[in-house]
Every structure is written in C-alpha cells, then in structure tokens.
Amino acid sequence: MTTVGSAHGLEQSVAHAEFVWRTVSEAIDTVPESDREAFLTRFVLLAALDHLDADELTALIAEARESR
Amino acid sequence: MYFTPRRYAFTPFPSSPPDAEPETAVVVGAGPVGLALALGLSRRGVPVTVLEAGDSVVYGSRAICLSRHSLEVLERLGVGEEFAERSLPWTSGRSFHRDAEVLSFEMPHVDGDVRTPMVNLSQSVAEQILVDEIGRTDSCTVRWQCRVLDCTEQDGVVTVRIATPEGQRELRTRWLIAADGARSTVRESLGLHLNGTSYEGRYVIADIHWRSPLPTERRVWFDPPSNPGSTIILHRQPDDIWRVDYQLGPDDDPEAEIAEQRIRDRITRHLDWLLGNTEPWTLEWSSLYRAHSLSLDSYRHGRVLFAGDAAHLVPIFGVRGLNSGLEDADTLAWTLASVVGGTADPALLDTYAAERREAWRQNVEQAEKSTLFMTPGTHGYAMTRDAVLTLAHRRPVLRHLINPRQSSATHSRASPLTCAATRDESPDPVPGDPIPDRAVLAESAPGQVPSSVNIERGSDFTVLGVRTAPGALTDFAQSLRKRLAPAVGVRALVTHHGNGHERAIPCPEERLLDDSAGNLESAFGAEPGEVFVIRPDGLLLGRFPGPDHLGAPEELADHILQGGSR
C-alpha cells in the first residue's frame, strides 16, 4: 500500500484528480435521473473518440470491468 | 460511566452596580474555546469571568482529535504537560472499501518534531483539565449555572442578562466574548446569523468502552459488509474508550436510529464482522451529527467578539472544529489583552475578526472536499465516490481523494498585520504561516537544556535571529518590548552552531539556542543572519534578511498595535 502523506511531487496529478472527480460529479447531478445512463454513455464515447486510441480504449474497458 | 463529571454549585453574586466600573472581560461558554481564551487572557493580566449555563463540563468525547498546533497553544497556556500525559498520540490511518484496504496514510512528521501530528482525548477530560487550571489561576472565575438570556451594548459597556438559580442578574462588562457554541445565545440575542452550507448526510457518533487489540490509528470503512451502504469511522481514546461514527442512509429516521438498541445493533454487527469480537462492550454516550460549513460575516460586533463554534462551523471530517477554535482563542487572547491594556487600538480586534474568518474559509476549502467524499449528498457525488473507491487500488492518485486531509494550522498570509516577504521567492514558512516547532538545546548557566522553539518563545512576540551577531537584536527587542508591554512581552532568541559559551560578548537579552544539527534552520528554510519576527500565536509576522532590515522597532510596534492598518 502506498503511503501518501509525504507525496509532494504529486500535487498536479492530485489537483487534476480532484477536478475530474468534482466536475464529473456535478455534471451527473445536472442531468435528469432518467437521462443519467445515456449521458454517461455519450460522455464516455466523446472522451474515447477525442483522446483514446484503440489499445488504450480496450485496456481501460478491461480495467473498469475488472475493478467491479 | 468512564468519566464522571464533577458538579459545580452556583456561587451567589450580585448584579453589577450601575455606577461601578464594569468588569473587564466576560466569556460566555465554558467549552474548550471559552476556557482556553479565559486562561489566555488571565495569563496576560486581564481579569475574566466565564459564564456557563450548565453545572459541569460536557459528557461525551465530542471533539476528540487535537492537532499538533493545538497542543502548542495548550502548552503556552500551561496545561500542555497534562494534555500530553492524558491523551493518545497517533500518526496514521487506514481506509477500507467493503473488506479491502484502499488507503494507508501517514500524517507529516519529521525528526525534530516535538509532538505527534495528532492526539486523541475526550472533550470532557480536556475541559476538566482547563477548568482545574482556571481554579488555580488568579483573577479568572467560572460561574456555573449562569444562563445568558441576552446582551445589549450602550456607551462602551455590554450588559449581560443572566438567569441563575437565585433569579436574574445583570453583569456589565467592557468586552463580551461569545464562545457559547453552535447555538450561541449571544449571537441570537444580537440578531446575527451564520451563513454558508449545510450538508445532507447525518452521522451517529458514539463512545463505547471496549478492550480491543486494534492500534491507535484512524480507521474508516466505506460500505462495509457489516453495515452495507454506510461509512464507519473508528478512533481510539484513552482508557479503552473507542469513538464510533457511522453514517445514516437517506431513508433512515434519525430519531429512531439514535435509540440505544439500534446503536448497539449496528456497532455489534461491525465489531463482530471486524474481529469476530467476543469482548463485551458498553455504550457510554451517543449523539447525532450533521455537517455544516457556516460562519458569521464578522467575528466582531462592537464590544462583542465571537470565537469557536459561536462564530463558525466546519464539518467534523478533518477535525477542524475545536482545533480552529483554539486558534481563535490564541489570537484573541493577545489582541484583546493589548486593547484592554490600552496599548493597542481596537482596530487590532478587527484584524482578529478578519484573520479568523479567512481561517474559516481555508478550513472549509479543505473540509468541503472531505465532506463531499465522506457523506456525498447527491447522486453524482455518490456515484463518483463509489467509483473512486473501486479504482483506488489500481490508481494511486485516487487515494488522495480518500485521504481525510486532517486539520493543519491555518495561515494569515493576507492579514494586514503580516509584513510582506522581502524576497520574491521566499521559502516556507512565508510571512503569515504558522511556524514549525522544533526541538532545540537552550543554553543556560548550568549547561544546555532540552527545549523547543514553542517553549522558548512562550506567549510573547519573538525576534529569532539565525546565527546573528551577538547583541544584534538586543536594542530592537528591548524597544519593541517597551511599546507592547504589559499585555505582550518580547523575547530575543538566537541560534548558533557549536558551544554558545564561545560567544565573546555576553548578551543576556538574547537567549541562545544550539542548532548544531541545523534542524531549526532547515525547518525555517533560513539563511545565516536571517531574522524572523513571530507573533504570540505562532504565526510568522515577517522574515528579514538581517537585523538591519528590521526597521525601527517603534514603527513595527505601531504597525502591530494599530492592527496593521497604518
């Protein structure tokens, strides 16, 4: 298990993780409950289209599936 | 009961005669903040009366985690040793999602630190230590069974109406400090309101007496098999008392959940699942908690000042409530004493109010993240929280979102009192920051004495020279002392490498600290010759490249005594 108490060098990546967490949380809260699943599906498709190649997409799908 | 509160009788007293000089300072509320403030004021020569509605200290652990900085405050009040003896130090924590560990954290601590980052102690015990110390202190009195009804200010005097067992009384005072908690009567009496955010989630908090092999560390379980959907926090306290906090679901009825049998059922399930527990335990105390980030717009209203929960509320997660309240008490003690003593302009109290409200904002910024994670109030935050917990073992960066961000001392970088940095890129601590305490060896006549920066600077302003020339700070310290006395003293501390007795010129004004190991220099990011001016509350007023850059002591005194508003 990684100890995080003295991890000064991670400031930027932690700030990004916080931004992602809060932005996605608040985005989910802005759509009606009936549209949540469809919204998340659209969002993942857009993120994948713009930022992931085939190998990355496949790897991330596998990671998400295995992390349940 | 693991703690039997001592009961205090009402001590009869008359109302203040209208033609007599009012009392100097009255504190409302004998909680830890009010008691610490009363002690701080009396240590500076201000006579204080504390009014408390109850007849004893509180029962129950309540605010159990005291930060390293709070222990420094308590040490300066003369009760540090007893707090250290009676509390349990801890440095680390673990978080679990269901039955898998997802975070193990260690709070920052380095060689040379005088204290652990955190200790656990029941608020009952903390208050009793402070009450006992007040009992040994001249010109400081707690009046029990005195419930404040309201207060009014007229012609520089605050009149407090009080209900006592022998009827109503009126006390007249020059200064009234409201430390009467979240439901402050003083605040209500003045028609003031807290503003901010209240969070949805509710927690049951309970003390249990339980002999357990678990270590002294913070443990949290998200969605544990024992109580699916809930979050459970466990803290060890002294004397085999454990504090258990658990989150209620959105459909749980808080009134039903606070019933003793219901609490027993939930805790039993968790302990059984956790350890296959067979050790009997008893429920000692319980309460219901809801997180708030609320504050008054100002902590000063004429001659009425606010401190602690009466002024501001922060969520429990990260333990910033009592710790920020003790910071309030620490700062208010020296600023108010300076005003009462006639040396400072009342504008210094506006600086107190502005600094401490900014501190609340700093605390909320951190606490809000912890609260959104610990008790997500919306579907979006609940979904992402669960996803983060699920992914945390694969993505280490996500563990930082689980980290509880335990309380650390707030800064006053933007305060008008803080002197601007003299270098473009000043190393930490920058002006306004809390200074770190470090173990040092102090030179004395019989030889070197183990000590610390906090002990050596005491409750005074301190001019700390890093290997400055002998006598370089003497005149400055003496002149500054003349202007700040009597409420606040001034000390000069000077570090050296090697044997202090080698110094050619004896300078009784300058206390020598052996920093051969460089611990202090390193902690302050200091260059040889640099001078640090430290406030009584441990915040860095300014850092200067050398004694010649300090300017005239009279100018600095004016700056301080006018609240930095020159």
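Each remark here, short or long, concerns the structure printed above.
Residues numbered from 1 in each chain as written. Chains lettered and ligands numbered in written order. Predicted model: local features only at pLDDT ≥ 70, side-chain atom pairs only at ≥ 80, totals over all residues. Heavy atoms only, no water.

Draft legend 1. Quick look at the interface of chain A and chain B. Counting residues at the interface gives 25 residues for chain A and 28 residues for chain B. Both sides of the chain A and chain B interface together cover about 2,400 Å² of buried area, and 61% of this is carbon and sulfur. Across the chain A-chain B interface, the total number found is 4 salt bridges. The shortest N-O distance in the salt bridge between E63(A) and R395(B) comes to 2.9 Å. At the boundary of chain A and chain B, one finds 12 residue pairs in polar contact (both at pLDDT 80 or more). Those elements that provide at least two residues to the side of chain A that touches chain B are α1 (11–30), α2 (36–51) and α3 (54–66) of chain A. (Contact = heavy atoms within 4.5 Å. Buried area = accessible area lost by both parts, 1.4 Å probe. Salt bridge = Lys/Arg side-chain N within 4 Å of Asp/Glu carboxyl O. Polar contact = N/O pair within 3.5 Å; in protein donor to acceptor, adjacent residues only side chain to side chain. Helix = DSSP H or I, 4+ residues; strand = E, 2+ residues; numbered from the N terminus.)

Draft legend 2. Spatial organisation of the packing of aromatic side chains. Applying the stated criterion across every chain yields a total of 12 aromatic pairs over all chains. Ring geometry for W21(A) versus F373(B): centroids 5.9 Å apart, planes at 65°, classification edge-to-face. Of the two residues, W21(A) sits in helix α1 while F373(B) sits in helix α9 (residues 347–374), which places them in two different chains. Looking at F373(B), the relative accessible area reads 1%, which means it is buried. Here W21(A) and Y381(B) contribute two aromatic rings whose centre-to-centre distance is 5.7 Å and whose plane-to-plane angle is 85°, an arrangement assigned as edge-to-face. Placement of the pair is W21(A) in helix α1 and Y381(B) in helix α10 (residues 379–391), with the two residues belonging to separate chains. For Y381(B), a relative accessible area of 4% puts it in the buried group. Here a set of aromatic residues connected by ring pairs shows up, and it is made of W21(A), F222(B), F373(B) and Y381(B). (Phe/Tyr/Trp six-rings, centres within 6.5 Å; stacked < 30°, edge-to-face > 60°. Buried < 20%, exposed > 50% of the residue type's maximum accessible area, 1.4 Å probe, protein only.)

Draft legend 3. Quick look at the pattern of salt bridges. Residues and elements named next belong to chain B. Counting across every chain of the model gives 45 salt bridges over all chains. Taking the shortest distance from any N to any O, the salt bridge between E133 and R136 comes out at 2.8 Å. Here R136 falls in the exposed class, since its relative accessible area comes to 54%. The residue R481 makes a salt bridge to E509 at a minimum N-O spacing of 2.3 Å. Of this pair, R481 sits in helix α13 (residues 474–484) while E509 sits in the loop between β23 (490–496) and β24 (510–514), placing them 28 residues apart in sequence. Beyond isolated ion pairs, a larger network of salt bridges with shared partners links R94, E101, E217 and R219.

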